[in-house]
2 protein chains.
Amino acid sequence: MWTGNEVTSRLGIKLPIIQAGMAGGTTTPQLVAAVSQAGGLGTLGAGYMSGEQIRTAIRAIRELTDKPFGVNLFIPEEETGKTVPGEAVRQIMNETRRRLGIPEDPELGKVAEPFEEQMAAVLEERVPVFSFTFGLLDKRWMAACKQRGIVAIGTATTVREGVALEASGVDMVVAQGSEAGGHRGSFLPDSPDNLVGLMALVPQMADRLSIPVIAAGGIMDGRGIAAAFMLGAQAAQLGTAFLLTEESGAHRLHKQAVLSASDEATVLTTAFSGKAARGVTNEFMQLLAPYTEEIPAYPVQNALTRDIRQAASKQERSEFLSMWAGQAGALGRAMSAEELVRKLVEETEELLGKR
Amino acid sequence: MWTGNEVTSRLGIKLPIIQAGMAGGTTTPQLVAAVSQAGGLGTLGAGYMSGEQIRTAIRAIRELTDKPFGVNLFIPEEETGKTVPGEAVRQIMNETRRRLGIPEDPELGKVAEPFEEQMAAVLEERVPVFSFTFGLLDKRWMAACKQRGIVAIGTATTVREGVALEASGVDMVVAQGSEAGGHRGSFLPDSPDNLVGLMALVPQMADRLSIPVIAAGGIMDGRGIAAAFMLGAQAAQLGTAFLLTEESGAHRLHKQAVLSASDEATVLTTAFSGKAARGVTNEFMQLLAPYTEEIPAYPVQNALTRDIRQAASKQERSEFLSMWAGQAGALGRAMSAEELVRKLVEETEELLGKR
């Protein structure tokens, strides 16, 4: 019995399978709804969306399913880092813009969507599940979630972060292993090494926390889900696996690159956003790799590369796209989200027995 | 049925549990024999031993058990790296020597034991299992192993390395995840990222190889063993877990440090040997961290720090000891190796069913 645990009952879902809230257009309402409709928990990756866009997406999801779903946001950070790119970084970005035929040194628009407005949408829409990364949720927001019966899920890359999240009042913690694609959720300073592999992270987290642990990072099939449960997780969260589905809004070239990426083809980079994230290595990442010290901190660099990523997407230039992926992308399957969930269940049942 | 597979039958052991061949005195004949006697496979970590020392240890093991056991060696590397420390590194090491009251700039003795002599001992003693790290085994040695019925096991940190090892004729491959303590086994160049987490590494390796995969890295208890099997491994190799047993020759302070290390307390360092290895962070590692470019390559740096490590060990100065450990050391148990094996079996059976 790997279903029917604290996570499924608390979230009101049938299957302890969560589709990660990937920001940047990957998690279309169609994807979120399809996963929830299939019995898992779909999640809208709303980190880069305005309050209004979040509301629109939530309504679109609700048109498609009456099942529970989640919304994921980025906790805003105090701006302590570099806010202007070093000269080498500026030159590389301008050279990239020339190659894409877009204006150099564009006006820096809105750096990030106001968190207050994003959070207001989450609360007013009373989404069933709210998950977040990059930090702790402010007390007043946590209280507002509780008041509205919204389940709060935080993201931890170390046991220490998991402990801090539990103390802050979250209902569950996602344990993000070093294998995970996209942004690292790390938020506590002074960590000698926050790249803890899932195999080491989950059992230590499960031993220390009294709330449920959700395993994330490198999980692509039933083998990964079964392993996560063996380690002490009560649910598995999959990002890359769902990024590859038909409903996902990820770029065609991004999906192709992930499916043909080897286990060693992803690297951590700050090139696109100013914050460490794992993706399939490409030219833009390699060009900026020697100048990491000169890359502005998140969210500034994210805003600075927006025009590049948009143009690269339109022009189908994968050498300049951010192609987030975990370390096991090649195990992915291009199919509908519903089919994928069905496959995951079959595979997990074969290893762990019938639900 | 998690026992009785290709690994156990080929190795002639009852339990698919392998004690990793940790070099540097940790794997005493008592430890190796106790693990083998308990039904697993004990391994002598002979990387730093002379041919004669290996022979003596093998005989001591055979006095204690008639069960199969393994010997692990380091494949010698072409000396292409730095052979002399940079000035900053030299100064830090001499300052360390002053603090330990030992002579500065000592004569550099033998850099490494001759591989030919080590290998001759392995072959002449006809050890049941020969495992190796840091590369591929030369054809003539591979042929000599086959001729003598010695099972050959290589170590891979990426699928590409696993494929190369299979092509070279090994009988099994250890998939070493990024969680693993001690030296990284990586040997193929041009890898964007060879720090692949076990969760991502094992299923991809198992899919690509036709020989059995042994999972290693961060496995400390039955949860880790069960997870490894779910991922497609046919055996689990544990280093840190056995380092903490009573029979292990690891320093008392090393054991203490590992047991109280958090998941984020280990880091990869080249400070002690010139080759990346994971250990509990301490002052010596921190002092040299800013000067990694100036640290000589393995095995030169290993020879250069020998006096420091020996003095630190005698004087009980853990700030200068190499304290190798994986990312889940805190899950360790201080008990006899036999008790540990028994516990591992109990825990795994609870998750995977009776053998």
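What counts, and where the lines are drawn
Residues numbered from 1 in each chain as written. Chains lettered and ligands numbered in written order. Predicted model: local features only at pLDDT ≥ 70, side-chain atom pairs only at ≥ 80, totals over all residues. Heavy atoms only, no water. Least-squares fit on C-alpha atoms with pLDDT ≥ 70 in both. Contact = heavy atoms within 4.5 Å. Domains from an automatic or database assignment. Buried area = accessible area lost by both parts, 1.4 Å probe. Salt bridge = Lys/Arg side-chain N within 4 Å of Asp/Glu carboxyl O. Polar contact = N/O pair within 3.5 Å; in protein donor to acceptor, adjacent residues only side chain to side chain. Helix = DSSP H or I, 4+ residues; strand = E, 2+ residues; numbered from the N terminus. Phe/Tyr/Trp six-rings, centres within 6.5 Å; stacked < 30°, edge-to-face > 60°. Buried < 20%, exposed > 50% of the residue type's maximum accessible area, 1.4 Å probe, protein only. Pairing = 2+ DSSP bridges.

Superposition record for chain A on chain B: RMSD 0.0 Å, screw rotation 180°, translation along axis 0.0 Å. Such a combination of turn and shift is consistent with a two-fold rotation axis. Minimal C-alpha separation from the rotation axis in chain A is found for A227(A), amounting to 2.0 Å. When you check the interface residues of chain A against chain B, 100% turn up at the interface there too, and the contact is symmetric in its surfaces.

Residues and elements named next belong to chain A. Looking at chain A, the domain boundaries give domain 1 (1-76 + 112-247 + 336-355) and domain 2 (81-111 + 252-328). On a C-alpha basis, the centres of domain 1 and domain 2 stand 25 Å from each other. At the interface, 22 residues of domain 1 touch 20 residues of domain 2. When domain 1 packs against domain 2, close to 1700 Å² is buried across both sides, 60% of that on carbon and sulfur atoms. Of all residues in domain 1, A112, H183 and L244 give up the largest surface area on contact with domain 2, accounting jointly for 29% of the area buried on that side. Applying the counting criterion to the domain 1 and domain 2 interface returns one salt bridge. Residue E113 is joined to K110 by a salt bridge in which the shortest nitrogen-to-oxygen separation is 3.2 Å. Viewed at the interface, domain 2 and domain 1 are joined by nine residue pairs in polar contact (both at pLDDT 80 or more).

Each partner contributes residues to the interface: chain A has 41 residues there, and chain B has 41 residues. In total, about 3200 Å² of surface goes out of reach between chain A and chain B, with carbon and sulfur atoms giving 58% of it. A per-residue breakdown of the area chain A buries against chain B is headed by M199(A), M230(A) and E264(A), which together make up 25% of the total. Inspection of the region where chain A meets chain B yields six salt bridges. For the side of chain A that touches chain B, the elements supplying multiple residues, two or more each, are α7 (159-168), α8 (198-208), α9 (222-231), β10 (266-269) and α15 (337-352) of chain A.

To continue, consider the packing of aromatic side chains. All names here are of chain A. Applying the stated criterion across every chain, the model contains 18 aromatic pairs over all chains. Relative to Y298, the ring of F74 has its centre 6.3 Å away and its plane inclined at 80°; by these criteria the two rings are edge-to-face. Taken together, the positions of F74 in strand β3 (residues 69-74) and Y298 in the loop between α12 (283-288) and α13 (300-304) put the pair 224 residues apart, joining distant regions of the chain. Residues F74 and Y298 agree in their burial class; the two are buried. With 5.5 Å between their ring centres and 75° between their planes, F134 and Y298 make a pair best called edge-to-face. In this pair, F134 sits in the loop between β4 (129-133) and α6 (139-147) while Y298 sits in the loop between α12 and α13, placing the two residues 164 residues apart along the sequence. For the pair formed by F134 and Y298, the shared burial category is buried.

To continue, consider the sheet that holds strand β11 (residues 277-280) of chain A. Read across the sheet, three strands follow the order β7-β11-β10 (chain A) without closing on themselves; strand pairing throughout is antiparallel. Whereas interior strands pair on both sides, the edge strands pair on one side only; in this sheet they are β7 (182-183) and β10 of chain A.

Once that is clear, we can look at unusual backbone geometry. Omega for the bond connecting Y298(A) with P299(A) falls within 30 degrees of zero, at 0°, which places this linkage in the cis form. Among the secondary structure elements, P299(A) is positioned in the loop between α12 and α13. In this structure, R126(B) takes a positive phi of about 45° despite not being glycine. At E316(B), a residue that is not glycine, the phi angle is positive and equals roughly 55°. Along the chain, E316(B) turns up in the loop between α14 (306-314) and α15 (337-352). Since its relative accessible area comes to 38%, E316(B) is described here as partly exposed.

With that settled, the discussion passes to the sheet that holds strand β11 (residues 277-280) of chain B. All names here are of chain B. Taken in spatial order, the three strands line up as β7-β11-β10 in an open sheet, and their pairing is antiparallel. Looking along the sheet, the strands with just one partner apiece sit at the ends: β7 (182-183) and β10 (266-269). As judged from the four bridges shared by β10 and β11, these two strands associate in the antiparallel manner. Each bridged residue has a counterpart across the sheet, and for T266 the counterpart in β11 is V280.

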